[in-house]
Amino acid sequence: MTDLIPDADSALKVRSNNSAYVAAVREVWSSEVAARLVLDHTNAFYVRKDETPRKGPDKDKPYIVCEVCLDEPLIRSEMDARREMVSLALMKQGLRFDELRIIPARRGMRKRHPFADA
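Note that the structure is predicted; figures quoted are calculated from it, not measured.

J.: Honestly, the side chain of Asp71 in this entry has me stumped. Any pointers?
T.: Position of Asp71 relative to the elements: it lies in the loop between β2 (64-70) and α3 (73-81). Residues within four places of Asp71 in sequence aside, it is in contact with His41, Asn43, Arg76, Ala105, Arg110 and His113.

Structure, rendered in structure tokens:
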């Protein structure tokens, strides 16, 4: 499949990560209305290697971060309060990472709503 579509592996990984995020949000916020609110205000979800230089004995090990980009401050606060529960739910979905970061949406990112139909 990668011969036919060069970015197929990447697209499948992104889709898998997004599905894991949706499942984790639905697990943490058991109310469908609350889960829908969080998903509606999520502008992006990334799993990536952090390239920031680090110090210490583990500085050469890859540091994987999950980033959740949210446009509403109230939803960011709620996500921050449940950060560890969301991290555990994501790990139960098979994602392996070192840190969950919650970042505000800025500029054009605020117009993106990838989970509107989730």
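So much for the structure itself; the text now carries on.
J.: Could you clarify how one ought to interpret the pattern of salt bridges in this entry?
T.: Proximity of charged atoms lets side chains of opposite charge pair with each other. Evaluation of the coordinates by the stated rule reveals 10 salt bridges. Where Arg36 meets Asp40, a salt bridge forms, and the shortest distance between an N and an O atom there is 3.0 Å. Highlighted residues: Arg36 and Asp40, both in helix α2 (residues 32-40), separated by four residues, approximately one helical turn. Judged by relative accessible area, Asp40 falls into the partly exposed class, the value being 33%. Put simply, Arg101 and Glu99 hold a salt bridge, and the shortest N to O gap is 3.4 Å.

J.: Hey, could you run me through the packing of aromatic side chains in this one?
T.: How two aromatic rings sit relative to each other is given by the distance of their centres and the angle of their planes. Taken as a whole and judged by the stated rule, the model has two aromatic pairs. Judged by centre distance (5.2 Å) and plane angle (45°), the rings of Tyr21 and Phe115 are tilted. Residue Tyr21 is found in helix α1 (residues 8-28), and its partner Phe115 is found in the segment after β3 (99-104); the two are separated by 94 residues along the sequence. Given the relative accessible area of 3%, Phe115 is considered buried. Members of the aromatic cluster, joined through ring pairs, are Tyr21, Phe45 and Phe115.

Conventions used here
Residues numbered from 1 in each chain as written. Predicted model: local features only at pLDDT ≥ 70, side-chain atom pairs only at ≥ 80, totals over all residues. Heavy atoms only, no water. Helix = DSSP H or I, 4+ residues; strand = E, 2+ residues; numbered from the N terminus. Contact = heavy atoms within 4.5 Å. Salt bridge = Lys/Arg side-chain N within 4 Å of Asp/Glu carboxyl O. Buried < 20%, exposed > 50% of the residue type's maximum accessible area, 1.4 Å probe, protein only. Phe/Tyr/Trp six-rings, centres within 6.5 Å; stacked < 30°, edge-to-face > 60°.

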